Structures are given as structure tokens and as C-alpha cells.
Amino acid sequence: NAASAPHRGHYHRAAIKGVARVGSRIINSEAMDWQPGRASMVDEVARVLRQRIFSGIYPPGELLRQVQLSADLKVSRTPLREALRMLQSEGLVEAEGARGVSVARADRGRLLNAYALREMLDGLAARQAAERGAHRAHALLDPIIERQLGTLEPWSPPDYTRFNVEFHIAIMELADNEFLNAQLAVVRLTSTVFAPAVLICKDRARPAVAEHASVVA
């Protein structure tokens, strides 16, 4: 829903916990926490870049230069290129010809198309979660709703958005549909990358949390 989208301002960067400054840019230290044992180098590079995009470190439209990224991540250009191709296939980055790639932008047409797909995904996920995961719903969803309620007083838009994403991902987990799970990038894309194009306020967030609670009731 529209309440999942934060304001266009820079509060979402300032509120991110565990940050480090690299040059003039603030980088989320958690996003730089390499875990080489769990995945291939390509997957790991894609994971770090994906987290930086989702957290707003790389905002929509920002050019991702391979030379700079290679030095920053301390990896060679080959796995970096493959990781960027993965992100391009997920719709997170766009080709810019000889300039390389940039983080996906949210123009009006693309925003409307993305949210139309999101509406279909959320509906299917909710229906299948009720059919397949009702016995686990309270244990999985109640703590997320409590955390989301906690973001209303004092009002914390970045934390609200983070728990909103967690809630919808949990619904997809309860749906137990691998094809839905393959669309998780759309959930994050619409709620974090495209979200700054839509104004959020506490007055819209509060009924959204109540709606989440009614889903579990």
C-alpha cells in the first residue's frame, strides 16, 4: 500500500544503524559484511549491491561505475559484471549504454505498472497464506506487527518501511509458493527503491498497521 513508501527526504539514510563513512559517502557497514562461505562470489557481490540499493545508499538514477565499485568491494571486474547482470534481470538497475548501469528510476508509468503487479502478488500471497499457513500466521506475523506499531510513537518512517517489507515477505513465506518467492524483489523494489516517489505520513501508516493486524485476526 501507499503507506509503505517513505518521504523523498534523506531521513532514511540518517536513521540506518551501523554506518561508516567512505570518502564523502556514508556506507551501511552491515551491507559491507562479506560472508564468502555461504555463496559464490557473484552471489555475494549481488547481495551487497542489492542491500545498498534497498537501504537507499545507492538512490534511484545513481550511476554505478564498475571501476569505483570494484575498488570499493575489493573484487575483480568479472564477478562484478555478472552481479550487475543479475540485478538488471531483477529490475533493480538499468543499462546506460557505454556509461554502465544505474539504479532503476521510478517514473510515473513504471511506478503504476510496478504497483499493479504488487497488488496482484499481495492478493495471491494473502489467499494462499490463509489456505496453507494459517496455523503459523500468529507466531510469524504478530511480532512483526508489534514492531511496526512501535515505529508510530515516536514516528520512525525508515523503521516502519522496513517492518512493512518484513510483513509482506512473511505473508509470501506462509503462502509456500516458490513462484511467489521469486517475486520478492518486486516487494522490496516497490517499498524501498520506488517508495520515495510517494509521500508517507503517520496518519496513513497507522491504518495500514491496523489492516495488517486484521489480516492475522
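That block above? That's the structure.
### Here we look at the overall build of the protein
In step 1: Within the protein, the regular secondary structure consists of 10 helices and five strands.
In step 2: Relative to its 217 residues, the protein shows a buried fraction of 43%.
In step 3: When contacts within the protein are restricted to residue pairs at least 6 apart in sequence, long-range pairs at least 24 apart make up 68% of them.
In step 4: Working note: accessible area of the protein is about 11,300 Å², and carbon and sulfur atoms make up 56% of it.

### Remarks on the packing of helix α7 (residues 157-175) against helix α10 (residues 202-216)
In step 1: Packing of α7 against α10 leaves a shortest axis separation of 12 Å and a crossing angle of 25°. The angle between α7 and α10 falls in the class roughly parallel. As for how α7 packs across α10, the hand of that crossing is left-handed. The segment α7 lies against α10, with Tyr160, Asn164, Phe167, His168 and Ile171 engaging Ala205, Ala208, Val209, His212, Val215 and Val216.
In step 2: Partitioned by chemical class, the residues of the contact of α7 with α10 number eight nonpolar, three polar and no charged.

### Observations concerning the side chain of Ser70
In step 1: Along the polypeptide, Ser70 turns up in helix α3 (residues 66-73).
In step 2: Engagement of the side chain of Ser70 in a polar contact is seen with the backbone oxygen of Val75, the distance being 2.4 Å.

### Here we look at the sheet that holds strand β4 (residues 93-95)
In step 1: On the basis of which strands lie adjacent, the open sheet formed by three strands has the order β3-β5-β4 and antiparallel pairing. With partners counted over all chains shown, the strands left at the sheet margins are β3 (63-64) and β4, one partner each.
In step 2: Both β4 and strand β5 (residues 101-103) contribute to a ladder of three bridges, which runs antiparallel. Opposite Val93, over in β5, you have Val103 as the bridge partner.

### Digging into α7
In step 1: Taking 1.5 Å as the rise per residue, α7 with 19 residues should run 27 Å; its terminal C-alpha atoms sit 27 Å apart, in good agreement.
In step 2: A large share of α7 lies buried, amounting to 15 of its 19 residues.
In step 3: After α7 finishes, the residue Asp176 shows a positive phi value of roughly 55°.

### Details of the packing of aromatic side chains
In step 1: Under the definition given, this model contains one aromatic pair.
In step 2: Consider the rings of Trp155 and Tyr160, whose centres lie 5.8 Å apart with planes at 50°: the pair is tilted.
In step 3: When its relative accessible area of 0% is taken as the criterion, Tyr160 is described as buried.
In step 4: A cation over a ring is seen here: Arg162 above Phe163, with NZ or CZ 4.6 Å from the ring centre.

### Regarding the pattern of salt bridges
In step 1: Summed over the entire model, instances satisfying the criterion amount to 14 salt bridges.
In step 2: Here Glu82 and Arg85 are joined by a salt bridge, their closest N and O atoms 2.4 Å apart. Pair noted here: Glu82 and Arg85 are both in helix α4 (residues 77-89), with a separation of three residues, about one helical turn.
In step 3: Classification of Glu82 by relative accessible area gives partly exposed; the value is 35%.
In step 4: The salt bridge involving Arg118 is made with Asp122; its shortest N-O contact spans 3.0 Å. Highlighted residues: Arg118 and Asp122, both in helix α5 (residues 108-132), separated by four residues, approximately one helical turn.

### Describing the nonpolar core
In step 1: In terms of nonpolar packing, the biggest core is built from 27 residues, with Leu49, Ile53, Tyr58 and Leu64 touching the most fellow members.
In step 2: Ranked by residue count, the leading element in this core is helix α2 (residues 41-54), at six residues.
In step 3: Discounting residues that sit within four places of it in the chain, Leu49 has contacts with Tyr58, Leu69, Leu73, Leu80, Leu84 and Leu87.
In step 4: Counting 25 residues, the second-largest nonpolar core is a separate cluster that includes Ala137, Phe167, Ile169 and Ala205.

The rules behind these values
- Residues numbered from 1 in each chain as written.
- Predicted model: local features only at pLDDT ≥ 70, side-chain atom pairs only at ≥ 80, totals over all residues.
- Heavy atoms only, no water.
- Helix = DSSP H or I, 4+ residues; strand = E, 2+ residues; numbered from the N terminus.
- Buried < 20%, exposed > 50% of the residue type's maximum accessible area, 1.4 Å probe, protein only.
- Contact = heavy atoms within 4.5 Å.
- Areas by Shrake-Rupley, 256 points an atom, 1.4 Å probe, with all protein chains shown as cover.
- Axes fitted to C-alpha atoms, helices over the stretch in contact; angles between N-to-C directions.
- Parallel < 35°, antiparallel > 145°, perpendicular 65-115°, else oblique.
- Left-handed = near helix turned anticlockwise from the far one by under 90°.
- Nonpolar A, V, L, I, M, F, W, Y, C, P; charged D, E, K, R; others polar.
- Polar contact = N/O pair within 3.5 Å; in protein donor to acceptor, adjacent residues only side chain to side chain.
- Pairing = 2+ DSSP bridges.
- Expected span 1.5 Å × (residues − 1).
- Phe/Tyr/Trp six-rings, centres within 6.5 Å; stacked < 30°, edge-to-face > 60°.
- Lys NZ or Arg CZ within 6 Å of the ring centre and 35° of its normal.
- Salt bridge = Lys/Arg side-chain N within 4 Å of Asp/Glu carboxyl O.
- Core = buried A, V, L, I, M, F, W, Y, C linked by side-chain atoms within 4.5 Å.

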